[in-house]
Amino acid sequence: MQADDARGMIFRRKDLLGLADLSREEIQAILTTAASFKEISTRSIKKVPTLRGKTVITLFYEPSTRTRTSFEIAAKRLSADTVNLTVAASSAVKGETLIDTAKNLEAMAPDILVIRHASSGAPHLLAARLRSSVVNAGDGLHEHPTQGLLDMLTVWEAKGRLDGLKIAIVGDIAHSRVARSNIHGFRTMGSEVVVAGPQTMLPPYLADLGVRVTFSLSEAVADADVIMMLRLQLERQGQMFFSTLREYSRFFGLNPGHLKLAKPDALVMHPGPLNRGVEIAPEVADGLQSAILTQVTNGVAVRMAVLYLLSGGEVSGAAA
Amino acid sequence: MQADDARGMIFRRKDLLGLADLSREEIQAILTTAASFKEISTRSIKKVPTLRGKTVITLFYEPSTRTRTSFEIAAKRLSADTVNLTVAASSAVKGETLIDTAKNLEAMAPDILVIRHASSGAPHLLAARLRSSVVNAGDGLHEHPTQGLLDMLTVWEAKGRLDGLKIAIVGDIAHSRVARSNIHGFRTMGSEVVVAGPQTMLPPYLADLGVRVTFSLSEAVADADVIMMLRLQLERQGQMFFSTLREYSRFFGLNPGHLKLAKPDALVMHPGPLNRGVEIAPEVADGLQSAILTQVTNGVAVRMAVLYLLSGGEVSGAAA
Amino acid sequence: MQADDARGMIFRRKDLLGLADLSREEIQAILTTAASFKEISTRSIKKVPTLRGKTVITLFYEPSTRTRTSFEIAAKRLSADTVNLTVAASSAVKGETLIDTAKNLEAMAPDILVIRHASSGAPHLLAARLRSSVVNAGDGLHEHPTQGLLDMLTVWEAKGRLDGLKIAIVGDIAHSRVARSNIHGFRTMGSEVVVAGPQTMLPPYLADLGVRVTFSLSEAVADADVIMMLRLQLERQGQMFFSTLREYSRFFGLNPGHLKLAKPDALVMHPGPLNRGVEIAPEVADGLQSAILTQVTNGVAVRMAVLYLLSGGEVSGAAA
């Protein structure tokens, strides 16, 4: 990835809705900027005045600790003011439409609205109607673009490139917005993506996205540079997607034996929270090849970059 | 309204509990200061150091996103520190009295306590016992003074005066603290107030407040400068206040036809959240005469002014 | 207590887990620093830049308004950024282990993690695994060290010393982390501690802690310098710990008569929230000898001192 040419560029988008929309140059600009912001979180005084006087509202219609916290810390390290709104199902019942809620928030002059919603497309609906920037923090089964970006940053840092790498994504692809964002992002950056999972969890449209499909975990991880395990949503058990946890784990749980099939320096990734002993063996999650906590660290950097670029900041940093 | 004489004045109250208590000069001082603060939220750096090092606690015994967010943003734009406490019924069950809770918070040396409570008079109870300033953010069926003030600011900006205007307030007057604050405020400023609603929703004391009462929406809006629709609290259905939503909407829902009866430049207002198609037709809520989102914007400015004046700030701004 | 020798000292611990672990010098260092910080909360601008750019995360697995608010205000007055996570039982169900949650938060580079958890030892588990500082804000029936410290600060301020004082602690000792922290702390500082409560509420290990035990409230408070009443956890009624509130109150509720048995200037304390008329008569809680609200005020100062010292700050202040 050559990023030098991007330096000083202005990111022209108002919103970040999904990785399907972004060009290679745009993804590169975010990753380059994120890499340059990472150092701020290692300082003794972890704060720069870049977004002082900006207001960032997080509007979460699904509970989340990890993602909301990551956005909040990212905003605060840039000196933005943050306001958190967690809207429980019960209070959405009050009958106000999502658009009315968002229009109301916009009338308070926030700069950026970070939204998570159970309905695919909700952030797009708002982005089209608001002057504020909208960041998609997860919409239904659709996309979770900052997760995709932090995953790409993690791989880029470890491998020095994204182009030509083999990325294996394993688990419930059909119900994973994380998988979708990663597929779009890695494909755009020139990586090869192979997915594996039970037949009931593989959606029909994968071939159209240029993704190779297999029902075998071993086949997926063979010669992989990156093995990305998805969280099994335990609440789907009993919905016919899989029979028992034990069976799922036997066929699609990553254990040390699988690592021997992949490249010797293959990275193990997981978006969290982990179901230890289900989709990933504890010794693999905590092993030397695991990048799981680096992903979280990079989440703050990527979200700082996104908030900064959407606010009109210049692309900074350089290629690795 | 002549505000010049108020400039440089100090607001002498410790608390803002209701608009029934405020003089014409005091209301004028808040509106003038709010108008001058509005510009801050339009800047690129939306923040002034006015209340740096002050602590504002929001203590909400009823859930709220809109009002709490508005106060929080107002405080942050003045550089105050904010702490949010939302007390669910379940944790009030722990048995501590409201006064003990408030005394405890006061012992942490906040400057201003913003309280919402289901019991009328709760903020007054606290104001009498605390050295901190207390702002009523809605108490039972009693008052919601910052809502009244933001409504008055919205009308003042649009009409250049409050004196002599005809304000129609429509809906469930009996159960609306918004209506009460507006009636007190607008009457004090010399406006004429007429209210309309079903007989079951009109309290007996209205005549004493100098308010004209009618059971006809058309009669209320005739020649009105301002039409303020109240939110129908849907949970009251089945309590004999009205029979069906459809019937309520037919008699007391504002539609484009009603606007023709009012002054040509009449303002349409609503405190939110909207029940679209119940008390207000969508095309009216979103129409050219609607000031609904301006109300929200003015909410931040009014709350900035209130926090500032209660902290000992000087009245600023000038008459329109 | 001689504190002069401690000035300029660096507090060498990474974590504050319990008062059982602290030496006399360490407790003295925290109290001295807290006393010097108290003045900040009395200023018009209640804020110093000491911890600017530090991130403090509060992670509460049990609901709390008082303690969480106190930590949040303490952090903000030192200019730290705060992020609040209240984890309901429901979302812990998602299956992530406590250690994984904490490791994830740590990957976002917080400086200090303040944790409350229903399991005794949870903060210790995390402290051993995280590079961030961990502060125990209450763990099961084990310890609540900042509560013990604020109680000691309150007594020290009022009496000028801790050594040789007689401290009576009354109530459900067996289920009180507040009692345990106070017993450890006061014993270390050379105070005499006597506890009283119903037999079912006195744990067997008290003699080993150098504590005198009695089943009589009158005996406990005789000649006491400090009477510390514990909150009766009403939810334990019906678990055979006591028969009725009325009976509990009759035998272990503090009333004005008891004060005559204690030293004339004895201090009355309670960690809150109060059950008025159960463990303490209202006229005693609100009486001249009550230090209950001073405890709350000192809570902010003690937490400022703890956050500051764990961040590498120098011990400040002097002996009273």
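Residues numbered from 1 in each chain as written. Chains lettered and ligands numbered in written order. Predicted model: local features only at pLDDT ≥ 70, side-chain atom pairs only at ≥ 80, totals over all residues. Heavy atoms only, no water.

Q: Any chance you could explain the overall build of chain A here in plain terms?
A: Looking only at helices and strands, chain A has 12 helices and nine strands in total. For a compact globule of 320 residues, the expected C-alpha radius of gyration is about 20 Å, and chain A comes in at 19 Å, within 12% of that figure. The dimensions of chain A, computed from C-alpha atoms along their principal axes, are 55 × 50 × 40 Å. Of all 320 residues assigned to chain A, the portion counted as buried reaches 61%. A total accessible area of about 11,500 Å² is found for chain A, and carbon and sulfur atoms account for 53% of it. Charged side chains in chain A number 35 positive and 32 negative. The centres of these two groups are separated by 4 Å. (Helix = DSSP H or I, 4+ residues; strand = E, 2+ residues; numbered from the N terminus. Rg over C-alpha atoms; globule rule 2.2 N^0.38 Å. Buried < 20%, exposed > 50% of the residue type's maximum accessible area, 1.4 Å probe, protein only. Areas by Shrake-Rupley, 256 points an atom, 1.4 Å probe, with all protein chains shown as cover. Lys, Arg positive; Asp, Glu negative; His and termini not counted. Charge placed at Lys NZ, Arg CZ, Asp CG, Glu CD.)

Q: What's the story with the relation of the copies chain C and chain B in this structure? I'm lost.
A: Rotating chain C by 120° about the axis while translating it 0.0 Å along that axis superimposes it on chain B, leaving an RMSD of 0.0 Å. The operation mapping one copy onto its partner corresponds to a three-fold rotation axis. (Least-squares fit on C-alpha atoms with pLDDT ≥ 70 in both.)

Q: In this structure, what is going on with the interface of chain C and chain B? I would like to understand it.
A: Where the parts come together, the accessible area they lose is often given as the size of the interface. On the side of chain B, 23 residues touch chain C, which itself brings 23 residues to the contact. Surface buried jointly by chain C and chain B totals about 2,100 Å² across both partners, of which 52% is contributed by carbon and sulfur atoms. For the pair chain C and chain B, the number of links is three salt bridges. D81(B) is the partner of K47(C) in a salt bridge, and the nearest nitrogen-oxygen pair spans 2.8 Å. Here chain C is connected to chain B by 12 residue pairs in polar contact (both at pLDDT 80 or more). Looking at the side of chain C that touches chain B, the elements with two or more residues in it are helix 2 (66–77) and helix 12 (292–310) of chain C. In terms of residues, the side of chain C that touches chain B owes the most to one element, helix 2 of chain C, which gives eight residues. (Contact = heavy atoms within 4.5 Å. Buried area = accessible area lost by both parts, 1.4 Å probe. Salt bridge = Lys/Arg side-chain N within 4 Å of Asp/Glu carboxyl O. Polar contact = N/O pair within 3.5 Å; in protein donor to acceptor, adjacent residues only side chain to side chain.)

Q: Even after reading the chapter, I still don't get helix 6 (residues 145–159) of chain C, so can you show me in this structure?
A: An α-helical segment advances 3.6 residues per turn. Residues three or four places apart therefore align on the same side. Residues and elements named next belong to chain C. Here helix 6 contains 15 residues, and its C-alpha end-to-end distance of 21 Å stays within 8% of the 21 Å for a straight helix at 1.5 Å per residue. With respect to burial, helix 6 is a largely interior element, 13 of its 15 residues being buried. Immediately beyond the C-terminal end of helix 6, within one or two residues, lies G160, with a positive phi of roughly 80°. (Expected span 1.5 Å × (residues − 1).)

Q: Explain the interface of chain C and chain A here, please?
A: Each partner contributes residues to the interface: chain C has 23 residues there, and chain A has 23 residues. Carbon and sulfur atoms make up 52% of the surface buried where chain C meets chain A, a total of about 2,100 Å² over both sides. In this structure, the connection of chain C to chain A is made through three salt bridges. Counting across the chain C and chain A interface gives 12 residue pairs in polar contact (both at pLDDT 80 or more). At the level of secondary structure, the elements contributing two or more residues to the side of chain C that touches chain A comprise strand 1 (55–60), strand 2 (81–86) and helix 4 (98–106) of chain C. Considering each element in turn, the side of chain C that touches chain A owes the most residues, five residues, to strand 2 of chain C. Residues belonging to the side of chain C that touches chain A are distributed by class as follows: eight nonpolar, seven polar and eight charged. (Nonpolar A, V, L, I, M, F, W, Y, C, P; charged D, E, K, R; others polar.)

Q: Would you mind showing me how to read the confidence of the model for chain A here?
A: It should be kept in mind that the predicted coordinates are not to be read in detail where pLDDT is low. Overall, the prediction assigns chain A a mean pLDDT of 92, with 92% of residues at 70 or greater. For this predicted complex, the interface confidence reaches an ipTM of 0.93, while the overall pTM sits at 0.95. (pLDDT = per-residue confidence, 0-100.)

Q: Is there a simple way to think about the side chain of K166(A) in this case?
A: Residue and element names in this part refer to chain A. Looking at where K166 falls in the secondary structure, it is placed in strand 5 (residues 166–170). Here K166 sits buried without a salt bridge, and the closest side chain of opposite charge, E192, lies 5.3 Å off (N-O distance). With near-sequence residues (within four places) excluded, K166 lies in contact with E192, V194, R212, E219, A220, V221, A222, D223, A224, D225 and V226.

Q: Explain the packing of helix 6 (residues 145–159) of chain B against helix 12 (residues 292–310) of chain B here, please?
A: Two numbers describe a pair of packed helices, the interaxial angle and the distance between the axes. All names here are of chain B. Two elements in contact, helix 6 and helix 12, have axes separated by 8 Å at closest approach and are oriented at 115°. The crossing of helix 6 and helix 12 is right-handed. Contact residues: helix 6 offers T146, Q147, L149, L150, D151, L153, T154 and E157, while helix 12 offers T294, Q295, N298, G299, A301, V302, R303 and V306. Partitioning the contact of helix 6 with helix 12 into residue classes produces six nonpolar, seven polar and three charged. (Axes fitted to C-alpha atoms, helices over the stretch in contact; angles between N-to-C directions. Left-handed = near helix turned anticlockwise from the far one by under 90°.)

Q: Sorry, what's going on with the environment of D163(C) here?
A: All names here are of chain C. Here D163 lies in the loop between helix 6 and strand 5 (166–170). Taking relative accessible area as the criterion, D163 reaches 40% and is therefore assigned partly exposed. Through-space distance from the C-alpha of D163 to that of D225 is 11 Å; in sequence the pair is 62 residues apart. Aside from chain neighbours lying at most four places away, what touches D163 is R24, M189, G190 and S191.

Q: Before we go on, may I ask you to explain the sheet that holds strand 4 (residues 133–139) of chain C in this structure?
A: Strands belonging to one sheet form pairs held by backbone hydrogen bonds; the direction of such a pair is parallel or antiparallel. Residue and element names in this part refer to chain C. The four strands lie next to each other as 2-1-3-4, forming an open sheet whose pairing is parallel. Of all strands in the sheet, those bounded by a partner on one side alone are strand 2 and strand 4. With strand direction ignored, the average angle separating the axes of adjacent strands in the sheet is 15°. With six bridges connecting them, strand 1 and strand 2 associate as parallel partners. Opposite I57, over in strand 2, you have V83 as the bridge partner. The strands that helix 4 touches are strand 1, strand 2 and strand 3 (112–117); relative to strand 3, the one it contacts most, it runs at about 155°. Contacts from helix 12 reach strand 1, strand 3 and strand 4 within the one sheet, and its direction differs from that of strand 4 by about 150°. (Pairing = 2+ DSSP bridges.)

Q: Quick question: what am I supposed to make of the pairing of strand 3 of chain C here?
A: Put simply, side chains in a regular strand alternate between the two faces of the sheet. Residue and element names in this part refer to chain C. Across the six residues of strand 3, six count as buried, placing the element largely inside the fold. In strand 3, alternate side chains face the same way, and those of I112, V114 and R116 on one face and L113, I115 and H117 on the other are all buried. Note: strand 1 against strand 3, five bridges, orientation parallel. Bridge pairing links F60 to R116 in strand 3. Sheet topology note: the strand 3/strand 4 ladder contains five bridges and is parallel. Bridge assignment links L113 to a residue of strand 4, and that residue is V134. Note that the unit made of strand 3, helix 5 (residues 122–127) and strand 4 has a crossover that is right-handed. (Right-handed = clockwise from strand over helix to strand, strands pointing away.)

Q: Can you help me understand the pattern of salt bridges in this one?
A: Think of it this way: side chains of opposite charge can pair up when their charged atoms draw near. Scanning the entire structure with this criterion turns up 44 salt bridges over all chains. Between R276(A) and D286(A) there is a salt bridge, with the nearest N and O atoms lying 2.9 Å from each other. One end of the pair, R276(A), is in the loop between strand 9 (267–269) and helix 11 (282–285); the other, D286(A), is in the loop between helix 11 and helix 12 (292–310), and 10 residues separate them in sequence. Here R276(A) falls in the partly exposed class, since its relative accessible area comes to 28%. When the shortest N-O distance is used, the salt bridge between R13(C) and E26(C) registers 2.7 Å.

Q: Whenever I open this one, the packing of helix 1 (residues 24–37) of chain A against helix 6 (residues 145–159) of chain A confuses me. Can you help?
A: Residue and element names in this part refer to chain A. Packing of helix 1 against helix 6 brings their axes to within 10 Å, and their N-to-C directions diverge by 70°. One way to sum up the angle between helix 1 and helix 6 is to call them roughly perpendicular. Judged by the twist between their axes, the crossing of helix 1 over helix 6 is right-handed. Along the contact surface, helix 1 presents I27, I30, L31, T32, A34 and A35, while helix 6 presents L149, M152, L153 and W156. (Parallel < 35°, antiparallel > 145°, perpendicular 65-115°, else oblique.)

Q: Where do I start with unusual backbone geometry in this structure?
A: Note: most peptide bonds trans; most residues except glycine with negative phi. For the bond from G272(A) to P273(A), the omega torsion is -15°, close enough to zero to count as cis. Secondary-structure assignment places P273(A) in the loop between strand 9 and helix 11. Despite not being glycine, S79(A) has its phi angle at roughly 70°, a positive value. Structurally, the position occupied by S79(A) is in the loop between helix 2 (66–77) and strand 2 (81–86). Positioned with a positive phi, A109(B) is a non-glycine residue whose angle comes to about 65°.

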